[in-house]
Amino acid sequence: MPIELAPKVYWVGAIDWDVREFHGYLTEKGSTYNAFLILDDKITLIDTVKKEFLPEMLERISEIVAPERIDYIVSNHVEMDHSGGLPQAMARLQPEKLFCSPLGKAGLSRHYQADWPFVEVKTGQELSLGQRHLLFLETPMLHWPDSMMTLLKEEQVLFSSDGFGAHFASSERFDDQTPDMAAYLHQVKKYYANILMPFGGLITKLFQRIRELNLEFKLIAPDHGLLLRNPAPILSAYQQWAAGEVLPKALVIYDTMWHSTELLARALTEGLMDAGAATIPYRLRLTHYSDIVPDLLDAGLLLFGSPTLNNNMFPSVGEFFTYLQGLKPQNKAAAAFGSYGWSGQAVSLINQVLEVLKFKVVHEGLSVKYRPTPQELAEARALASRLARENLKL
Ligand code: FEO
């Protein structure tokens, strides 16, 4: 049964119930690769799907129109979860033109070594489909340099590529159909935190551009997850995240060898809670880093703990910092802690990383030899309360 999202505009994508990993990020809810068909004088396909899902997409198109009748393809983004099906689609459908951004043309040409009938489009440029028009909006780095969004002007439908989406497989296609919007919004936040967090400044500029162009949307159709008939909550959340707004919330992110750093983590957690901070401790080998960063996105205070292992920080802590350096979190106060046996470098090494991350280091670091004593734990608890009061709006 074709799913019509606006008059003669159809969802023709694919549902990937089984995918559990997307370049290092756990996708426990699966994903969708959304593609869209517009019936107009020029029949137009917006995006394709991951390579192995092309037959599913073509089958959906066949329920509406013979796929070979497609005149135009618009490729909003080069990444292979959207363009993987493009070589087969181009060979079979032989469209008259393939529209993409200039960097999209460069990326697709390079990746697929293909000589396709490219037409480069830029921000503000319009394309007539006959009765209706597409307007293109380049959105570099959301999520790759080539990314763009495409607006079907008359219907006010924004095909937003990776923006405003989530890795979320479901039987429902629209936000107002999902039985659990809170679960969906969590996946939207997880997507933003893991994919778009480094680009908050560009997202803020995108909202400015949308205002300058006086664009309004009745429906936002991302390439992953649900189609948004009520986009306001997600647009508002994006603006807050992009601005780096933080809550009176603290995370204690640590790993432990023989439970001594864990004892410190527990004492610090208690102290943060004593001060009234919303607090979550995360032991790194128990929670995947992609499930920590959604909470980190809007936390104001971060306490990082590691034992010293072979003169270094614990490997899981180092791995987390490697991931975090790519995400460039904003507006964080932070401090380090850890237990050690003899050399004790972990806390100073964490402090160096906190400087690289441009976090506000609010304590020189709490370092305890071997197992912390009851007095040291009481001091750690009091310290955490003080750091919460001084650095969070409680
Ligand atoms: Fe959904 Fe950047 O690809």
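Basis of the calculations
- Residues numbered from 1 in each chain as written.
- Predicted model: local features only at pLDDT ≥ 70, side-chain atom pairs only at ≥ 80, totals over all residues.
- Heavy atoms only, no water.
- Domains from an automatic or database assignment.
- Buried area = accessible area lost by both parts, 1.4 Å probe.
- Salt bridge = Lys/Arg side-chain N within 4 Å of Asp/Glu carboxyl O.
- Polar contact = N/O pair within 3.5 Å; in protein donor to acceptor, adjacent residues only side chain to side chain.
- Helix = DSSP H or I, 4+ residues; strand = E, 2+ residues; numbered from the N terminus.
- Nonpolar A, V, L, I, M, F, W, Y, C, P; charged D, E, K, R; others polar.
- 1 Å grid on protein atoms, 1.4 Å probe; cavity = no way out; pocket = protein on both sides within 12 Å on 5 of 7 lines; lining within 4 Å.
- Points joined across faces, edges and corners; volume = space filled by probe spheres on them.
- Buried < 20%, exposed > 50% of the residue type's maximum accessible area, 1.4 Å probe, protein only.
- Pairing = 2+ DSSP bridges.
- Axes fitted to C-alpha atoms, helices over the stretch in contact; angles between N-to-C directions.
- Phe/Tyr/Trp six-rings, centres within 6.5 Å; stacked < 30°, edge-to-face > 60°.
- Lys NZ or Arg CZ within 6 Å of the ring centre and 35° of its normal.

1. Side note on the domain arrangement of the protein
Part 1 of the argument: Segmenting the protein into domains produces domain 1 (3-242) and domain 2 (252-389).
Part 2 of the argument: Between domain 1 and domain 2, the buried area comes to about 1,200 Å², and carbon and sulfur atoms account for 62% of it.
Part 3 of the argument: Summed over the three residues of domain 1 that lose the most area to domain 2, namely Lys-189, Asn-194 and Met-197, the buried surface amounts to 43% of that side.
Part 4 of the argument: Our enumeration of links across domain 1 and domain 2 arrives at two salt bridges.
Part 5 of the argument: Ionic pairing is found between Lys-189 and Asp-298, a salt bridge with its closest N-O pair at 2.8 Å.
Part 6 of the argument: Between domain 1 and domain 2 we count five residue pairs in polar contact (both at pLDDT 80 or more) in total.
Part 7 of the argument: Looking at the side of domain 1 that touches domain 2, the element that brings in the most residues is helix H5 (residues 181-196), giving six residues.
Part 8 of the argument: Taken together, the residues of the side of domain 1 that touches domain 2 break down into seven nonpolar, three polar and three charged.

2. Let's talk about the layout of surface pockets
Part 1 of the argument: Approximately 300 Å³ is the volume attributed to the largest pocket.
Part 2 of the argument: Met-257, Thr-308, Tyr-340, Gly-341 and Trp-342 are, among the 17 residues lining the largest pocket, the residues nearest its centre.
Part 3 of the argument: Secondary-structure elements contributing two or more residues to the lining of the largest pocket are helix H8 (260-274), strand E20 (308-309) and strand E22 (333-340).

3. Notes on the pattern of salt bridges
Part 1 of the argument: Within the structure shown, the criterion is met by 21 salt bridges.
Part 2 of the argument: A salt bridge links Glu-56 to Arg-60, with the shortest nitrogen-to-oxygen separation between them at 2.7 Å. Within this pair, Glu-56 and its partner Arg-60 are both found in helix H1 (residues 54-62), separated by four residues, close to a single helical turn.
Part 3 of the argument: For Arg-60, a relative accessible area of 23% gives the class partly exposed.

4. Side note on the sheet that holds strand E12 (residues 126-128)
Strand pairing in a sheet relies on backbone hydrogen bonds, with the paired strands running either antiparallel or parallel.
Part 1 of the argument: Pairing is mixed in the open sheet, where five strands are placed in the order E12-E13-E14-E15-E16. Taken across any chain shown, the strands that pair with only one partner, and hence form the sheet edges, are E12 and strand E16 (219-222). Neighbour-to-neighbour, the strand axes of the sheet open up by a mean angle of 20 degrees, direction not taken into account.
Part 2 of the argument: Pairing analysis gives three bridges linking E12 to strand E13 (residues 133-138), with the strands arranged antiparallel.

5. Overview of the packing of aromatic side chains
Part 1 of the argument: In this structure the tally under the stated criterion is 17 aromatic pairs.
Part 2 of the argument: With centroids separated by 5.4 Å and ring planes inclined at 55 degrees, the aromatic side chains of Tyr-33 and Phe-53 adopt a geometry described as tilted. Here Tyr-33 is found in strand E6 (residues 31-33), whereas its partner Phe-53 is found in the loop between strand E8 (44-46) and H1, with 20 residues between them in sequence. The two residues Tyr-33 and Phe-53 agree in class, both being buried.
Part 3 of the argument: Ring geometry for Tyr-192 versus Tyr-238: centroids 5.0 Å apart, planes at 80 degrees, classification edge-to-face. Residue Tyr-192 is found in helix H5, and its partner Tyr-238 is found in helix H7 (residues 232-242); the two are separated by 46 residues along the sequence. You'll find Tyr-192 and Tyr-238 in the same group, each marked buried.
Part 4 of the argument: Here the aromatic residues Phe-164, Tyr-192, Phe-207, Tyr-238 and Trp-241 are joined through ring pairs into a cluster of three or more.
Part 5 of the argument: For the cation-ring pair, Arg-173 lies above Trp-11, with the distance from its terminal atom to the ring centre recorded as 4.6 Å.
Part 6 of the argument: In this structure, Arg-229 packs its charged tip against the face of Phe-174, placed 3.7 Å from the ring centre.

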